[in-house]
Amino acid sequence: MHKSQLELLLNQIYDCSIAINNAINTEDEAELSDLVARKAKKIKLLEKNKKFLEDSQMTLFDVMLRKIQEQELENINLLKAKRNIFYKKYIQSVKKSKILNKYSPIIESGVIVDTVE
């Protein structure tokens, strides 16, 4: 693999990782799925050609790989933060739902207070 091809492929993977971060921030599930699939293809291509890398290309490879790993770590941390936010909202919704479910049978029957005859 030529050095410029390697650099282009590594930059594409890095750009994909940044785009994934943006898709996570905007909560665009369709875009995120597409980006993850594209990135997986590029990584597979890189793995196939890694054995053809020359020693002179390994330093570029290592530097770019560290840069990609840092971006991926940022993506993972962002996902963890988003998951915590969604979990807190979910717990709040469950609590509200339980309250509504306890009170709704009374509302549906139309009887709130027993009447004395």
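Above this text sits the structure in question.
Rules used throughout
Along every chain, residues carry numbers that run from 1 in the direction the sequence is written. Given that this is a predicted model, residues contribute local features only at a pLDDT of at least 70 and side-chain atom pairs are listed and counted only at 80 or more, while totals for whole chains, interfaces and linings are drawn from all residues. Only hydrogens and water are set aside when side-chain values are computed; all heavy atoms of the structure are taken into account. The way it works is that DSSP assigns letters per residue, a run of H or I at least four long becomes a helix, a run of E at least two long becomes a strand, and they are numbered from the N terminus. Each residue is placed in one exposure class: buried if its accessible area under a 1.4 Å probe, protein chains only, is under 20% of its type's maximum, exposed if it is over 50%, and partly exposed if it falls in between. Here, expected helix span is obtained from the residue count minus one, scaled by 1.5 Å. We call a set of buried residues a nonpolar core when its members are Ala, Val, Leu, Ile, Met, Phe, Trp, Tyr or Cys and they connect through side-chain atoms within 4.5 Å of each other. We call two residues in contact when some of their heavy atoms are within 4.5 Å. Pairing of aromatic rings covers Phe, Tyr and Trp, the last through its six-membered ring, and needs centres within 6.5 Å; plane angles under 30 degrees mean stacked, over 60 mean edge-to-face, and all others mean tilted. The criterion for a charge sitting over a ring is simple: Lys NZ or Arg CZ within 6 Å of the ring centre, and within 35 degrees of the ring normal.

Enquirer: Sorry, what's going on with the environment of Leu6 here?
Expert: Summarising the element assignment, Leu6 is placed in helix H1 (residues 3-26). On the basis of relative accessible area, Leu6 is assigned to the buried category, the value being 0%. A sequence separation of 44 residues divides Leu6 from Lys50, and the C-alpha atoms of the two residues are 9.1 Å apart.

Enquirer: How should H1 be read in this particular structure?
Expert: Along an α-helix, a turn takes 3.6 residues, which lines up residues three or four apart on a common side. Compared with an ideal rise of 1.5 Å per residue, which puts 24 residues at 34 Å, H1 spans 35 Å between its outermost C-alpha atoms and is within 8% of the ideal. Buried within H1 we find Leu6, Leu9, Leu10, Ile13, Tyr14, Cys16, Ser17, Ile20, Asn21, Ala23 and Ile24. Phi turns positive, to about 60 degrees, at Glu27, one or two residues after H1.

Enquirer: What am I meant to see in the nonpolar core here?
Expert: Here is a general trend for soluble globular proteins: nonpolar side chains tend to be buried in one another's company. Counting 11 residues, the largest nonpolar core consists of Leu6, Leu9, Leu10, Ile13, Tyr14, Leu46, Leu53, Leu60, Phe61, Met64 and Ile68. Sorting the residues of this core by element identifies H1 and helix H3 (55-109) as the ones contributing at least two each. Broken down by element, the residue count for this core peaks at five residues, all from H1. Once you skip the residues sitting within four places of it in the chain, Ile13 turns out to touch Lys39, Lys42, Ile43, Leu46 and Ile68. Membership of the second largest hydrophobic core comes to six residues, among which are Cys16, Ile20, Ala23 and Ile24.

Enquirer: When you look at the packing of aromatic side chains in this model, what are you seeing that I'm missing?
Expert: When we look at a pair of aromatic rings, we describe it by the centre distance and by the angle of the planes. Using the criterion set out here, one finds one aromatic pair in the structure. Over the ring of Tyr14 we find Lys67; its NZ or CZ atom is 4.5 Å from the centre of that ring.

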